[in-house]
Structure formats: structure tokens, C-alpha cells
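# Structural overview
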Amino acid sequence: MLEKLKQEVYDANMRLPQLGLVSFTWGNVSGIDREKGLYVIKPSGVDYNDLKPEDMVVVNVKDGKVVEGNMNPSSDTPTHTYLYNHFPNIGGIVHTHSPWAVSFAAAKMDIPAMNTTHADTFYGDVPAADALTKEEIEEDYEGNTGKTIVKTFNERGIDYEAVPAALVSQHGPFAWGPTPDKAVYNAKVLEVVAEEDYHTAQLTRANRELPQYLLDKHYLRKHGANAYYGQNNAKSKDHAARE
Ligand SMILES: O=C(CO)[C@@H](O)[C@H](O)COP(=O)(O)O
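The sections below set out a description of the structure shown in this document. All residue numbers refer to position in the chain's written sequence, counted from 1. Per-residue local features are limited, in this predicted model, to residues with pLDDT of at least 70; the limit for side-chain atom pairs, both in listing and counting, is 80 or more; totals at the level of whole chains, interfaces and linings are taken over all residues. By convention in this description, side-chain values take in all heavy atoms of the structure and omit both hydrogens and water.

What follows covers the overall build of the protein chain. Broken down by element type, the protein chain carries nine helices and eight strands. Burial classification: accessible surface area is computed with a 1.4 Å probe over protein chains only, and a residue below 20% of its type maximum counts as buried, one above 50% as exposed, and the rest as partly exposed. Looking at the 243 residues of the protein chain, the share that counts as buried comes to 42%. Note on conventions: DSSP H or I runs of at least 4 residues are helices, E runs of at least 2 residues are strands, and numbering of each starts at the N terminus.

Definition used in this section: a nonpolar core is a set of buried Ala, Val, Leu, Ile, Met, Phe, Trp, Tyr and Cys residues joined via side-chain atoms within 4.5 Å. Counting residues in each nonpolar core, the largest one holds 57 residues, and the members touching the most others are F87, I111, I149, F153 and W176. With seven residues, the single largest contributor to this core is helix α7 (residues 180–206). When checking whether two residues touch, look at their non-hydrogen atoms; a contact exists if any pair is within 4.5 Å. Those residues in contact with I111 that sit more than four places away from it in its chain are A101, F104, H118, D125, V126, L167, L190, V193, A194 and D197.

Let's shift gears to the sheet that holds strand β7 (residues 165–168). At least two bridges found by DSSP between two strands are what make those strands a pair. With mixed pairing, eight strands are arranged side by side in an open sheet as β4-β3-β2-β1-β5-β8-β7-β6. Whereas interior strands pair on both sides, the edge strands pair on one side only; in this sheet they are β4 (66–68) and β6 (128–129). Bridge analysis of strand β3 (residues 57–60) against β4 gives two bridges, and the strand direction is antiparallel. The residue bridging V58 from the neighbouring strand is E68, located in β4.

Turning our attention to the pairing of β3. Relative to β3, strand β2 (residues 38–41) runs antiparallel, the two being bridged by four bridges. The partner of V40 across the bridge, within β3, is V58. The hairpin formed by β3 and β4 contains five residues between the paired strands, and G64 there has a positive phi angle of roughly 75°.

Take the packing of aromatic side chains next. Between the rings of Phe, Tyr and Trp (Trp by its six-membered ring), a pair exists once the centres lie within 6.5 Å; its type follows the angle of the planes, with under 30 degrees stacked, over 60 edge-to-face, and the other angles tilted. Using the criterion set out here, one finds seven aromatic pairs in the structure. Each ring, one from F87 and one from Y160, has its centre 4.4 Å from the other, and the planes form 0°; the classification is stacked. Separated by 73 residues along the polypeptide, F87 in the loop between α2 (77–86) and β5 (92–95) and Y160 in the loop between α6 (146–156) and β7 bring together distant segments of the chain. Judged by relative accessible area, which is 13%, Y160 ranks as buried. Members of the aromatic cluster, each reached through a chain of ring pairs, are F87, F153, Y160 and W176.

Turning next to the site of the ligand. Here, proximity means that at least one heavy atom of the residue falls within 4 Å of the molecule or strand. Neighbouring the ligand are 13 residues, the closest being S44, G45, S74, S75 and D76. One of the backbone N or O atoms of G27 is found 3.0 Å from an oxygen atom in the ligand. Contact between the ligand and D76: an oxygen atom at 2.4 Å from a side-chain N or O atom of the residue. Accessible areas in this description were obtained via Shrake-Rupley with a 1.4 Å probe; residue shielding takes into account the shown protein chains only. Isolated, the ligand exposes 380 Å² of accessible area, and the fraction of that covered by the protein chains is 76%. The residue inventory of the shell around the ligand, partitioned by class, reads one nonpolar, ten polar and two charged. In protein, a polar contact means a hydrogen-donor-capable atom and an acceptor-capable atom, both N or O and within 3.5 Å, with residues adjacent in sequence counting only if both atoms are side-chain atoms; elsewhere, any N or O pair within 3.5 Å suffices. When residues are grouped by polarity, Ala, Val, Leu, Ile, Met, Phe, Trp, Tyr, Cys and Pro land in nonpolar, Asp, Glu, Lys and Arg in charged, and all others, Gly among them, in polar.

For helices, the fitted line uses only the C-alpha atoms of the stretch in contact; every axis is such a line through C-alpha atoms, and the angle between N-to-C directions lies from 0 to 180 degrees. Between helix α3 (residues 99–106) and α7, the least distance of the axes is 7 Å, while the angle of their chain directions is 65°. At the point where α3 passes α7, the crossing takes the left-handed sense. Only L190, E191, A194, E195, D197, Y198 and H199 of α7 make contact with α3, whose side of the interface consists of P99, W100, A101 and F104. Here a crossing is taken to be left-handed if its near helix is turned anticlockwise relative to the far helix by less than a right angle, and right-handed if that turn runs clockwise.

Here's what the structure looks like:
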């Protein structure tokens, strides 16, 4: 069943390593057929080099249970299920371990809207949702980080279609879109802007003008009118040689 969707989801999964968004077996993409109430997701722990379209697992979006597939679905299936049920207009979801976005997630920092590349895809900062608490994990830990994502969007009044991504603190990014392929596109843009933001933050923090008096003192002393050199009476050999 859903052979066309399986191919689409397989193709989207294969773009993750191609785009440098995952290594080894990390990450996963799913895509949903809303009419049938079923979605397709990557099987858990399978190397992308070994993955085939027919390996995709079909899941019932109502209860997250497998309805077709020889392998276990992704360990993030509970999160995909939760997001499909709370973000009704999405058609595809992706989770990656892309390093720059994961760095912001580990730092529990939103990815701020700092340039137009960001604004072309995300209408505002991409939020860092809290990691699941110890109690939440003990209560019903099934790997469902969707709860914390939806809670963050609701509490902060963020439109999930205008900002199609979130960071799960200390874990990594989830992105979504109208199709699996668009979800992967959004995940790649997120990684690009995360890296750009990091460098912008470094540049703006480091961009301190050296005061003119220090320029004068250090440059003129060695190359110019020696206005300062004589004051300390210390003469370097090369200076003495030049006299
Ligand atoms: O972050 C984790 C595991 O800590 C997962 O998201 C893996 O990155 C993907 O797991 P599978 O989809 O292969 O189960």
C-alpha cells in the first residue's frame, strides 16, 4: 500500500545524507496521506546505503501503530504522530542531526532571524523547545518530543506554517512542510542559517575598533615618526641599525 508515498518518503530520506544533514543512520523523514489517515516513515536504525523504498513503514496516524512493514518504524515515530495530529496542515516531517542546528539545540537557544535567507523560509526566530522533563520521561516516555514542540508553539503564539521548524533542546531540529521534500528543504535552510547566525554572532561580538591611540602607539612606534618609541628608551636592534 501507498507505494507512491513510500517512494516519495524514501527519496526524501536519501536527501538527508546527500545534503550533509545526517551521518550513519541518524535522522528520519515521513510523509502522510491525510485521506487514508496513514503515514509512511523510515525504518529505525537502517543505514541509508541499505535503505530501499519497500523498507518504508506505514503507520496509523490515529494511534501511531504500524499497519504495514517488516521493520520497526523510526524511534521518533511518536513525535511524528503527535505533530501530524496537532499541526493539521503539514504533509511531511523531518528530524536531522545537522551540527549547527544541533549546537543551538544543545545551547537551548532559538535560531534568530538574522538575515534574509532566514526570512525567505522562517517568519521569525526558530524556537528552542524545552527538552522533556524527568517526570515527562518517567510518565510516558515513548520518545515523543512532539509535545514540547507543540507546547512551545502554543505558548509563544507561533504559527507552525510560518515557522516550519523547531529545536528540541539537547536533541536536535525537527522541520516540516506541505510535502516530505519541502520538509527536507526547510531542514537544510535551517542548517544553513544556523551556521550563518553563529558566524554573525562571532563577528558582531569581535567587531571592536582598535582605538586610534593604540594604532598610533603600536604602528608609528615601529614604522612612523617614532613619536612613542623614544619615550620608553628601549631600542630594538633593528631600530638601532636604522639610525
Ligand atoms: O536522535 C535519535 C537517537 O538518539 C534518533 O532521532 C536517530 O537520529 C534516528 O533514529 P531512527 O529513526 O533510526 O530510529
